[in-house]
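Chain by chain, the residues:
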Amino acid sequence: HATACTDITGFGLLGHLSEMVRSSQARDPSCGIRVRLDPSQVPLLDGALECVKDGHLSTLQESNERVSRFIIDAGGAASSTPSCRLLFDPQTSGGLIATVPASAAAACIEDLRASGHGCASVIGDVETTAEAMAEDEPFISLAG
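Everything in this summary refers to the structure shown in the same document.

**Here we look at the overall build of the protein**
Each helix and strand counted, the protein has five helices and five strands in total. Sequence-ordered secondary structure for the protein, helices as α and strands as β, is β-α-β-α-α-α-β-α-β-β. Here the protein has a C-alpha radius of gyration of 15 Å; the compact-globule value for 144 residues is 15 Å, and the two agree. Counting only C-alpha atoms, the protein reaches 45 × 40 × 25 Å along its principal axes. Looking at the protein alone, contacts between residues at least 24 apart form 82% of all its contacts between residues at least 6 apart. Side chains of the protein carry 9 positive and 19 negative charges; the gap between the two charge centres is 3 Å.

Here you go:
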């Protein structure tokens, strides 16, 4: 089902998602790609939010947050919440992020959960447009 997939490691979810979009954009620069991400749907480890709220962040957090330039309205309140800050958190054994056609998403999630991946979830959607994007144009919007 997947059309693209990568593991979430040292650059955090938003860093790897940005690379996926930018790679797709490089293959077809005539179209635009927009991602709407819902941070409330991203599975988190127990205690992760409390760590961020208490100010415990990775030493790589600041450099990973540089990709916030790709977030639409990065200066907004949504991008500074603890759950959003975790989207930049570097992992050494993170999960996977995959793009799956919307028509196959529910079946894909069902299959993943049935095979023991209980945290599998849809965390957003991707929209392609006929408009080309500028190289540094923001393309990720955060829901909520």
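Continuing now.
**A word on the sheet that holds strand E2 (residues 32–37)**
A sheet is described by the order of its strands in space; here three strands give the open sequence E4-E2-E5, paired in mixed fashion. Sheet topology places strand E4 (124–129) and strand E5 (140–142) at the edges, where each strand pairs with a single neighbour. Looking at each pair of strands side by side, their axes are set apart by 20° on average, direction ignored. Bridging between E2 and E5 involves three bridges; their strand directions are parallel. Within the sheet, the bridge partner assigned to Leu37 lies in E5 and is Leu142. Against the sheet, helix H1 (residues 12–27) engages E2 and E5, with an angle of about 160° to E2.

**Things to note about H1**
Each turn of an α-helix holds 3.6 residues, which means side chains three or four residues apart point in the same direction. Over its 16 residues, H1 extends 23 Å from the first C-alpha to the last, a length consistent with the 22 Å expected when each residue adds 1.5 Å. Residues Gly12, Leu13, Leu14, Gly15, His16, Leu17, Ser18, Met20, Val21 and Gln25 constitute the buried set of H1. Of the surrounding secondary structure, the elements contacted by the buried residues of H1 are strand E1 (4–7), E2, helix H3 (61–64), strand E3 (96–99) and E5.

**Let's talk about the side chain of Gln25**
Summarising the element assignment, Gln25 is placed in helix H1. If sequence neighbours within four positions are ignored, Gln25 has contacts with Cys31, Gly32, Ile33 and Met133.

**Structural notes on the layout of surface pockets**
Approximately 160 Å³ is the volume found for the second largest pocket. Residue lining of the second largest pocket: Val21, Arg22, Gln25, Ala26, Pro29, Met133, Ala134, Glu135 and Phe139, and that is the complete set. Of the residues belonging to the lining of the second largest pocket, the class tally is six nonpolar, one polar and two charged.

**Some thoughts on the pairing of E2**
Two elements, E2 and E4, share six bridges in a ladder whose sense is antiparallel. Note that in E4 the partner of Val35 across the bridge is Val126.

What counts and how
Residues numbered from 1 in each chain as written. Predicted model: local features only at pLDDT ≥ 70, side-chain atom pairs only at ≥ 80, totals over all residues. Heavy atoms only, no water. Helix = DSSP H or I, 4+ residues; strand = E, 2+ residues; numbered from the N terminus. Rg over C-alpha atoms; globule rule 2.2 N^0.38 Å. Contact = heavy atoms within 4.5 Å. Lys, Arg positive; Asp, Glu negative; His and termini not counted. Charge placed at Lys NZ, Arg CZ, Asp CG, Glu CD. Pairing = 2+ DSSP bridges. Axes fitted to C-alpha atoms, helices over the stretch in contact; angles between N-to-C directions. Expected span 1.5 Å × (residues − 1). Buried < 20%, exposed > 50% of the residue type's maximum accessible area, 1.4 Å probe, protein only. 1 Å grid on protein atoms, 1.4 Å probe; cavity = no way out; pocket = protein on both sides within 12 Å on 5 of 7 lines; lining within 4 Å. Points joined across faces, edges and corners; volume = space filled by probe spheres on them. Nonpolar A, V, L, I, M, F, W, Y, C, P; charged D, E, K, R; others polar.

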